[in-house]
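Letter by letter, the chains look like this.
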Amino acid sequence: MDNFGESKCEATAEEVLQNNFQGSIDREPALGLEFDDDESAFNFYNEYARRIGFSVHKEYVNINNKLGYVTSQKAYMFQGGFRGDDRRKYQAKNSRKETRKGYQAHIVVTRQFVGKYHITKVELEHNHPLVPPTMIHMLSSHRNLNDVQTHEIDLAEDAGLFSKGTFDFMSFQAGGRANLGCTKLDHKNYLRTKRQKAMGQGEADSKMIIDYEIFGDVLSFDTTYQTNKEHKPLASFVGFNNHRKMIVFGGALMYDETSESFQ
């Protein structure tokens, strides 16, 4: 009986050491779990967090600068640990508010001599309430737009559809917002980034620049024009020349009228 028990324990330990991320997606993090690379290890822990009900982030990543590979990394529960002490805090007029809560759940992954990555430290206990399944899609590490979704958003925009209708339709296709994997804010941020890249920094040709240098004492800035197909504010910089005729110094098609866009 004793020999049987010992051989069973040895087999179980060997299974853990030889186990790889592929085919083990439903497993809990455990000491000795092996992965092909550091990103596979992080994705495994992030998927585990999604099933359980929390979000994760990387607390640190150590890199071998000569050879260019990750030697170890620590994945913490979001808001885990506490902010390290910084001497500059005594010089700051307005210190940033502490957002970490001291949550302990984490794993440490270390590169082995054979080039594989093993979990060398693990803490599964949670000293906080977990998020219910209906709210998982709101957590930061589980929110992302995949290539298919961005393609659908691009097609809808080209067809002249408003973003709210596009998001609602995508949610319906996925069987509800909880299955979509992103939020309305992610949808809006994607469009904003895309449009800002397309718009650049606005336009002003050489004549506009010269006119501004000569007649720029009086400047009017207006964003009331929204007759374009994007229904976005057209910002115009206009003034008057020496013949009291209106001249244009520059213009920009803005994404919205927030302070960030104005800046």
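Residues numbered from 1 in each chain as written. Predicted model: local features only at pLDDT ≥ 70, side-chain atom pairs only at ≥ 80, totals over all residues. Heavy atoms only, no water.

- Identification of the protein chain as Protein FAR1-RELATED SEQUENCE 5-like from Nicotiana tabacum is taken from an unreviewed UniProt entry.

### As for empty space enclosed by the protein
Stage number 1. Summed over all chains, the structure comprises one cavity of 30 Å³ or more.
Stage number 2. There is about 50 Å³ of room inside the largest cavity.
Stage number 3. In terms of lining, the largest cavity is formed by I153, A156, E157, L161, F162, S163, T166, H187, L191 and R195.
Stage number 4. Listing elements by their share of the lining of the largest cavity, those giving two or more residues are α3 (147-158), α4 (163-174) and α5 (184-199).
Stage number 5. For the lining of the largest cavity, the class distribution of residues is five nonpolar, three polar and two charged. (1 Å grid on protein atoms, 1.4 Å probe; cavity = no way out; pocket = protein on both sides within 12 Å on 5 of 7 lines; lining within 4 Å. Points joined across faces, edges and corners; volume = space filled by probe spheres on them. Helix = DSSP H or I, 4+ residues; strand = E, 2+ residues; numbered from the N terminus. Nonpolar A, V, L, I, M, F, W, Y, C, P; charged D, E, K, R; others polar.)

### A word on the pairing of strand β4 (residues 106-111)
Stage number 1. Strand direction decides the pairing type here: strand β3 (residues 69-77) and β4, joined by five bridges, are antiparallel. Counted as the bridge partner of Y76 is H106 from β4.
Stage number 2. Once β4 ends, the chain turns through five residues before running back antiparallel as strand β5 (residues 117-123), passing G115 with a positive phi of about 95 degrees. (Pairing = 2+ DSSP bridges.)

### Describing the sheet that holds strand β6 (residues 220-225)
Stage number 1. Sheet architecture is open: three strands sit in the order β6-β7-β8, paired in antiparallel fashion. The open sheet has two free edges, formed respectively by β6 and β8 (246-253), since each of these has just one partner strand. Within the sheet, the average angular offset between the axes of one strand and its neighbour, ignoring direction, is 30 degrees.
Stage number 2. By the bridge criterion, seven bridges tie strand β7 (residues 234-240) to β8 in an arrangement that is antiparallel. Within the sheet, the bridge partner assigned to L234 lies in β8 and is L253.
Stage number 3. Docked against the sheet, helix α6 (residues 206-215) engages β7 and β8, running at close to 125 degrees with respect to β8. (Axes fitted to C-alpha atoms, helices over the stretch in contact; angles between N-to-C directions. Contact = heavy atoms within 4.5 Å.)

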